[in-house]
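# Fold and geometry: a report
This is what each chain is made of:
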Amino acid sequence: MKTIVKFFCYHFLWFISSLPFCILYIFSDVIYFFVYRVAAYRRKVVRKNLMTAFPEKNERGIKQIERSFYHWFCDYMVETLKLMTISQDEIQRRMVFRGIDVMDSYINKGVSCAILLGHYCNWEWISTISLAVSSKAVCAELYHPLENSWLNQWFLDIRQRFGSVCIPMNETLRHIVRYQHAGYPLVVGYIADQKPNWKNIHLWLNFLNHNTPVFTGTERIIKRTRQVVFYGDVHRIRRGYYECHLQLIEDHPETLPDYQLTECYMQELEKTIQRAPAYWLWSHDRWSRTKEEFDIRFYDKDGKVFEKMTEEEYAKTKGWKSYWHR
């Protein structure tokens, strides 16, 4: 029975994907009405994130960004679905990469490259960079395997359709080293703008008006494997059309002080978001982990984070705080 359901689900998605963009964007407008107006999907989270990130904006300005975000988010969903059937020629017209010549100059020397990106514009379409760079490179992107095996395989299929390779997050270093030892230069996309787990927090930065915990594992992998670092500054030209400008950050990252590369990435991403804020993933509860809570629950020793208070103990601490401040 499950096999039959999966069969029909796949072919239904394929049918929807095969429709022209003009029809898909009508679907997107309908989805927007239900997601934003009816279900109010994570609207409280989005509103809170926008208000705290842009305290200088009035309520009207915040609501305008909010509506634009939900319109784009629904477009993102149908555009991702379109990856099932879109032709190579069409995706190359709609997803354009600038600065490829600089990246190719390193690839042709056998040097691997890293692209630092955010959950900004249509990040799924970035996987088509395999159609733009030198054929000598293996293009790879990191991903978190999904619990649903069918859905996980569906995402793998569309992400690898144009020649990219998906690498599980917990196997990143092993795969990169294996390719490099085999003599294949890589182009690896890293999306590292979401919140890390508590025990993976080693750095806090001022980002969009928040004291923000950030991933540092990406920097360590890049330095260890000596990848030339680019920042992918993505622009939405118009509906269904994007450009990714590859900006060289550092060609010898192993020489940089600790966390300088991460700080540079977060600064560039902040500029991108501030330029056109509607196209970042505001529905993620990015700032739910605070430095105050971290200092109470954990301590940092020699670059390692240790828990000094369990979840239950911390909950009791919050209870005492609320008691004494009534």
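### Side note on the pairing of strand 1 (residues 95–98)
The side chains of a regular strand alternate between both faces of the sheet. With burial as the criterion, only one face of strand 1 is covered, namely that bearing Met 95 and Phe 97; the residues Val 96 and Arg 98 on the opposite face remain uncovered. By the bridge criterion, four bridges tie strand 1 to strand 9 (residues 241–250) in an arrangement that is parallel. Looking across to strand 9, one finds that Met 95 is bridged to Tyr 242.

### Considering the sheet that holds strand 4 (residues 165–168)
Taken in spatial order, the seven strands make up an open sheet running 1-9-8-2-5-3-4, and their pairing is mixed. In the strand order of this sheet, the two ends are held by strand 1 and strand 4, each with one partner. When the angles between neighbouring strand axes are averaged without regard to direction, this sheet yields 30°. Looking at chain direction, strand 2 (residues 113–117) and strand 8 (residues 228–238) are connected through four bridges and run parallel. Counterpart to Ala 114 in the pairing with strand 8 is Val 229.

### Some points on empty space enclosed by the protein
Counted according to the given criterion, the structure contains one cavity of 30 Å³ or more. There is about 60 Å³ of room inside the largest cavity. For the largest cavity, the full set of lining residues is Leu 116, Ala 192, Phe 215, Thr 218, Glu 219, Ile 222, Leu 261, Thr 262 and Tyr 265. Of all the secondary structure elements, the ones that give two or more residues to the lining of the largest cavity are helix 9 (217–225) and helix 10 (260–275).

### As for the pattern of salt bridges
Under the criterion given, the structure shown has 15 salt bridges. Arg 236 is the salt-bridge partner of Asp 75, the closest N and O atoms lying 2.7 Å from each other. Of this pair, Asp 75 sits in helix 4 (residues 59–82) while Arg 236 sits in strand 8, and the two are 161 residues apart along the sequence. Just as Asp 75 is buried, Arg 236 falls in that class too. A salt bridge links Glu 268 to Lys 271, with the nearest nitrogen and oxygen atoms 3.5 Å apart. Separated by three residues within a single helix, Glu 268 and Lys 271 lie in helix 10, roughly one turn from each other. Note on Lys 271: relative accessible area 52%, which makes it exposed. A network of salt bridges, in which partner residues are shared, links Asp 29, Asp 75, Arg 236 and Arg 239.

### Some words on the packing of aromatic side chains
Counted by the stated rule, this structure contains 28 aromatic pairs. Between Tyr 32 and Tyr 36, the ring centres sit 5.4 Å apart and the planes meet at 20°, which makes this aromatic pair stacked. Of this pair, Tyr 32 and Tyr 36 both sit in helix 2 (residues 21–38), four residues apart, which is roughly one turn of that helix. For the pair shown, Tyr 32 and Tyr 36 are each scored as buried. Pairing Trp 198 with Phe 298 gives two aromatic rings, centres 5.5 Å apart and planes at 20°, and the pair type is stacked. Within this pair, whereas Trp 198 is found in the loop between strand 5 (186–191) and strand 6 (204–207), its partner Phe 298 is found in strand 10 (residues 298–301), the two being separated by 100 residues in sequence. For Phe 298, a relative accessible area of 3% translates into the label buried. Three or more aromatic residues joined by ring pairs form one cluster here, namely Tyr 32, Tyr 36, Tyr 41, Phe 69, Tyr 70, Trp 72, Phe 73, Tyr 76, Tyr 120, Trp 123 and Tyr 279.

### Regarding the confidence of the model for the protein
With 96% of its residues at a pLDDT of at least 70, the protein reaches an overall mean of 92. The low-confidence segment residues 320–326 (pLDDT under 50) makes two contacts with residues lying over four places distant or belonging to another chain.

### Focus on helix 6 (residues 100–107)
Among the residues of helix 6, those classed as buried are Ile 100, Met 103, Asp 104, Tyr 106 and Ile 107. Buried residues of helix 6 fall within an arc of 160° about the axis and therefore sit on the same side. Elements that come into contact with the buried residues of helix 6 comprise strand 1, strand 2, strand 5, strand 8 and strand 9.

About the thresholds
Residues numbered from 1 in each chain as written. Predicted model: local features only at pLDDT ≥ 70, side-chain atom pairs only at ≥ 80, totals over all residues. Heavy atoms only, no water. Buried < 20%, exposed > 50% of the residue type's maximum accessible area, 1.4 Å probe, protein only. Helix = DSSP H or I, 4+ residues; strand = E, 2+ residues; numbered from the N terminus. Pairing = 2+ DSSP bridges. Axes fitted to C-alpha atoms, helices over the stretch in contact; angles between N-to-C directions. 1 Å grid on protein atoms, 1.4 Å probe; cavity = no way out; pocket = protein on both sides within 12 Å on 5 of 7 lines; lining within 4 Å. Points joined across faces, edges and corners; volume = space filled by probe spheres on them. Salt bridge = Lys/Arg side-chain N within 4 Å of Asp/Glu carboxyl O. Phe/Tyr/Trp six-rings, centres within 6.5 Å; stacked < 30°, edge-to-face > 60°. pLDDT = per-residue confidence, 0-100. Contact = heavy atoms within 4.5 Å. Arc of directions from axis to C-beta.

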